[in-house]
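A closer look at the structure
What follows is the residue order along each chain.
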2 protein chains.
Amino acid sequence: MNAEVVAVGTELLLGQIVDTNSSWIGEQLALAGIDSYLQVKVGDNRDRIRTVLETALGRADAVIVCGGLGPTQDDLTRDVIAEVMGVELVEDPEVVERLHEIFGRRGRDMPANNLRQALVPVGATRIAQMPGTAPGLVCPVGDKVIFAVPGVPWEMREMITGTVIPELRRRAGDTGVIRSRVVRVWGHSESGIAELLADRLDELDRTGRATIAFLASGIEGLKVRVTAKAETAEAADAVVAEEVAEVVDILRPWVFSDDDETMEAVVLRMLRDRRLTLGVAESLSGGLIASRLVSVPGYSDVLRGSVVSYASEVKFDVLGVPVGPVVSDDAAAAMSEGACRVLGSDVGIAVTGVAGPAEQEGVPAGTVFLASTVDGVTETAMLRFPGDREQIRQFSVITVLDHLRKRLVAGV
Amino acid sequence: MNAEVVAVGTELLLGQIVDTNSSWIGEQLALAGIDSYLQVKVGDNRDRIRTVLETALGRADAVIVCGGLGPTQDDLTRDVIAEVMGVELVEDPEVVERLHEIFGRRGRDMPANNLRQALVPVGATRIAQMPGTAPGLVCPVGDKVIFAVPGVPWEMREMITGTVIPELRRRAGDTGVIRSRVVRVWGHSESGIAELLADRLDELDRTGRATIAFLASGIEGLKVRVTAKAETAEAADAVVAEEVAEVVDILRPWVFSDDDETMEAVVLRMLRDRRLTLGVAESLSGGLIASRLVSVPGYSDVLRGSVVSYASEVKFDVLGVPVGPVVSDDAAAAMSEGACRVLGSDVGIAVTGVAGPAEQEGVPAGTVFLASTVDGVTETAMLRFPGDREQIRQFSVITVLDHLRKRLVAGV
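Residues numbered from 1 in each chain as written. Chains lettered and ligands numbered in written order. Predicted model: local features only at pLDDT ≥ 70, side-chain atom pairs only at ≥ 80, totals over all residues.

A word on the overall build of chain A
Where we set the bar: Segments assigned H or I by DSSP are reported as helices when at least four residues long, segments assigned E as strands when at least two residues long, and all are numbered from the N terminus. Exposed residues have 12 or fewer other C-beta atoms within 10 Å of their own C-beta, buried residues have 20 or more, and residues in between are partly exposed; the C-beta atoms are placed from the backbone. What counts as a contact here is a pair of residues whose C-beta atoms, placed from the backbone, lie within 7 Å.
Broken down by element type, chain A carries 14 helices and 17 strands. Dimensions of chain A along its principal axes, counting C-alpha atoms only, are 75 × 60 × 40 Å. Each of the 412 residues in chain A was classed as buried or not, and the buried ones make up 47%. Looking at chain A alone, contacts between residues at least 24 apart form 66% of all its contacts between residues at least 6 apart.

Details of helix H5 (residues 93–105) of chain A
Applied cut-off: Given a helix with a known number of residues, its expected span is that number minus one, times 1.5 Å.
Over its 13 residues, H5(A) extends 18 Å from the first C-alpha to the last, a length consistent with the 18 Å expected when each residue adds 1.5 Å. Note on H5(A): the residue one or two positions beyond its end, A:Gly107, has a positive phi of about 65°.

Quick notes on the interface of chain B and chain A
Interface size is often expressed as the accessible area that is lost when the parts come together. Worth spelling out the cut-off: All amino acids are sorted into three groups, where Ala, Val, Leu, Ile, Met, Phe, Trp, Tyr, Cys and Pro are nonpolar, Asp, Glu, Lys and Arg are charged, and the leftover types, Gly among them, are polar. Pairing between two strands requires that DSSP report at least two bridges joining them.
Chain B puts 61 residues into the contact, and the matching count from chain A is 64 residues. With seven residues, the single largest contributor to the side of chain B that touches chain A is strand S14 (residues 303–309) of chain B. Of the residues assigned to the side of chain B that touches chain A, the class counts are 29 nonpolar, 19 polar and 13 charged. Note: strand S2 (residues 38–42) of chain A against strand S2 (residues 38–42) of chain B, five bridges, orientation antiparallel. In the strand pairing of S2(B), A:Leu38 is matched with B:Val42.

Thoughts on the sheet that holds strand S8 (residues 144–149) of chain B
Quick note on the threshold: Between N-to-C directions, angles span 0 to 180 degrees; the directions come from axes that are lines fitted to C-alpha atoms, helices contributing only their stretch in contact.
Overall, mixed pairing links the twelve strands, which are arranged S6(A)-S7(A)-S8(A)-S3(A)-S1(A)-S2(A)-S2(B)-S1(B)-S3(B)-S8(B)-S7(B)-S6(B) in an open sheet. One side of each edge strand has no neighbouring strand; the edge strands of this open sheet are strand S6 (125–126) of chain A together with strand S6 (125–126) of chain B. Two elements, S6(B) and strand S7 (residues 137–141) of chain B, share two bridges in a ladder whose sense is antiparallel. By the bridge assignment for S7(B), B:Thr125 is matched with B:Val138. Along the sheet face, helix H3 (residues 46–59) of chain A touches strand S1 (3–8), S2, strand S3 (62–66), strand S7 (137–141) and strand S8 (144–149) of chain A and points at about 170° away from the line of S1(A).

Points about the nonpolar core
Selection criterion: By convention the nonpolar core is taken to be a set of buried residues drawn from Ala, Val, Leu, Ile, Met, Phe, Trp, Tyr and Cys and joined through C-beta atoms within 7 Å.
The biggest cluster of nonpolar side chains holds 146 residues, and the ones touching the most others in it are A:Met335, A:Ala339, B:Val224, B:Met335 and B:Ala339. The residues contacting B:Ala339, other than those within four sequence positions of it, are B:Gly279, B:Val280, B:Ala281, B:Val307, B:Leu319, B:Ser345, B:Gly348 and B:Ala350. With 95 residues, the next largest nonpolar core counts A:Leu13, A:Leu14, A:Val145 and B:Ala148 among its residues.

Some details on unusual backbone geometry
Of note, the bond from A:Gly356 into A:Pro357 is cis; its omega dihedral lies within 30 degrees of zero at 5°. Inspection of the secondary structure puts A:Pro357 in the loop between strand S15 (347–353) and strand S16 (367–374). Its identity as a non-glycine residue notwithstanding, B:Asp260 has a phi of 65°, on the positive side. Tracing the chain through its elements places B:Asp260 in the loop between strand S12 (255–257) and helix H10 (263–273).

Section: the domain arrangement of chain A
Counted only if it meets this: Bear in mind that the domain bounds are from an automatic or database domain assignment.
Under the domain assignment, chain A is made up of domain 1 (3–172), domain 2 (177–257) and domain 3 (263–410). Here domain 1 of chain A and domain 2 of chain A have C-alpha centroids that lie 33 Å from each other.

Section: the pairing of strand S17 (residues 377–384) of chain B
Pairing analysis gives eight bridges linking strand S16 (residues 367–374) of chain B to S17(B), with the strands arranged antiparallel. If you follow B:Val368 over to S17(B), its bridge partner there is B:Leu383.

Points about the environment of B:Thr161
Note that B:Thr161 resides in helix H6 (residues 153–172). The spacing of B:Thr161 and B:Asp317 is 156 residues in sequence and 58 Å in space, taken between C-alpha atoms.

Topic: helix H10 (residues 263–273) of chain A
Residues and elements named next belong to chain A. The complete set of buried residues in H10 reads Met 263, Glu 264, Val 266, Val 267, Leu 268 and Leu 271. For H10, the secondary structure elements touched by its buried residues are strand S12 (255–257), strand S13 (278–282), helix H11 (288–294), S15 and helix H14 (389–410). Immediately downstream of H10, the backbone of Arg 275 shows phi near 55°, a positive value.

Re the packing of helix H2 (residues 20–31) of chain A against helix H6 (residues 153–172) of chain A
Residues and elements named next belong to chain A. Definition in use: Working definition: roughly parallel below 35 degrees, roughly antiparallel above 145 degrees, roughly perpendicular at 65 to 115 degrees, and oblique for all remaining angles. Each crossing is labelled by how the near helix is turned from the far one, with a counterclockwise turn of less than a right angle marking it left-handed and a clockwise turn marking it right-handed.
Contact pair H2 / H6: the axes reach a minimum separation of 11 Å and the direction vectors enclose 25°. The angle between H2 and H6 places the two elements in the roughly parallel class. Handedness of the crossing formed by H2 with H6: right-handed. Of H6, the residues touching H2 (which contributes Asn 21, Trp 24, Ile 25 and Gln 28) are Pro 153, Met 156, Arg 157, Ile 160, Thr 161 and Ile 165. Grouping the amino acids of the contact of H2 with H6 by side-chain chemistry returns six nonpolar, three polar and one charged.

Here it is as structure tokens:
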């Protein structure tokens, strides 16, 4: 079974958007053991989309088309697929109803051209998942198939995971099960991690019982993915579990999750287990710590809030930082303690630093002071990060959370 | 003149790396007025690379191949191009010398397989720029041409800018220039905007003097891109300016930038022009407003900070919200006024609401109350947004900033 991916959108060719959808789909196909030899980007042009689809269908067993399912005149994917299938488009009454319902909930009238989204080629079926206003389509063409999914990432992902991959595996008659798990680490370089795992990688290369892949992922940490294929889910899970145990054993000082959790989720769970609440004071991270923490659902009882003290006076007046240099150990410590006091939390964390590009108070860009307050004891650390403003902010956030995590693990 | 882009690398298909090179090359081609109708990703497989190159050459005037020029066995681009040209590979003594020099500088012996990088198809010429160890190639095939550049982004970019684009323009005898500008709007649906612009789109279709494309971009707003091609940059700019003026005229109530600025940048500039400082109080957005605002460099004098009052007690104790329902007009108003008071700012904005998935205090998910305080006068608004937690948060952020923007425009 092999599937090609076609991303539709002139904005992709013009470089206005980077096509991350194809990469994500490629990854899902690989994890499911489905080959993908070619991925194409094509603009919003009827003839060219048609040629690309027909050529892809000529080579591959299945084609996944992503994008061009919106309501506007330049959304051509539906029309072209109907041409390729040699059928008419008909209005799907269920989709029409669904669209009216969505716009009704928003308290808005539905613009007439949205009805274009309800058109389905005769013989095609609608993908069950429909998180937005664009229905996905399963379109049989002889013994092959075209899947059409929207270009909106979260809509696309739900459909690929819920329908496209299972349907491709069913068509492949694939009874093998692929499982994988991600170990996340922080505080060591990608090449350093690879070196530590070198023997393990050699052995897996020899035995073929599993694979290990790395991916540096900014604020998400460094991901180490362990993948295995077996006849049953239980067997694959067992191999993955054994291999993950080996990896965790080797990388223990840097592992913060053995099951793909974010640093935020890990820290929030540890705090809840210890019945502790958290207050945050942030300067250069500018709300990013709080913003990441609230993205983890179900912890509103743990997180009290954050004081984003961007102006120095807010540090002095609201958080009680002593008037003086605000990029310093002392300032970070006072911010962390101030967060506990002002927000009424048991535990505090704080970040202050220079995101750059220019230095500040004579302190070079990339310098970050962080602090955590646990059981009334405040500890600080200083780091120098490479990178641009955004990278420095991201590294600061995951590092201050890791700082707190290590103190909670140590029980201090 | 039209050029296709081929990115070579199995890791691209597997989603281990996102292909940002093609996007960047696509943008450079568009800016140079060179059409690019197709971009393809292909794995490190000799037959498939050859098929892709030959097919692309059949359709396009030029093909830019990116990647597969390294020293290892799976770097196949050189070999395949020689096959397509029907010629041998010969060692380029200048490249050999250059390689020895590079490794010498690094104080290392050159591994023998690096000499593969000195192989050049007979009839091809080396691209003058060579920032790394992989030489780029200009390979004539009949009256067409293949350019080969490395996959390492900075090496690729230097060669594309220095040789590939100028050579393509020379071959095109083309002095045409493409220019584009993005108008950003908020507060109306993509399909509604498309309907308002329908007449305009029809006219442009007929006259071909410019094109308009839409892109819903979450927290970035809805982008309306106007593009025109002309003999000179000045002429193209003039057409774009005229067409942007038409678009802005039609969409005026929803336009927040006629030159691709973010909502944050627009609001911060308006505040600075009026010598006003800003304080933020946020609940469901959880720091995202502040985080977006600090991403705009150079406005640390405008933004005082943000109180992320996630727990109700923080709203009561820190911001002075009256004890009672915290998802309400009253709470939003008190938060906005509290932000001004606590953070010492002239202007305040606040967001409270239910991100979901569950309702809160009997208020359904997606309900958002926002407020702004300008000149001591507080106004509130209630909205119901569709989508998941993340979308609801994003919509809240751009909407509260737009709320403030409109009040500043109105001079209230």
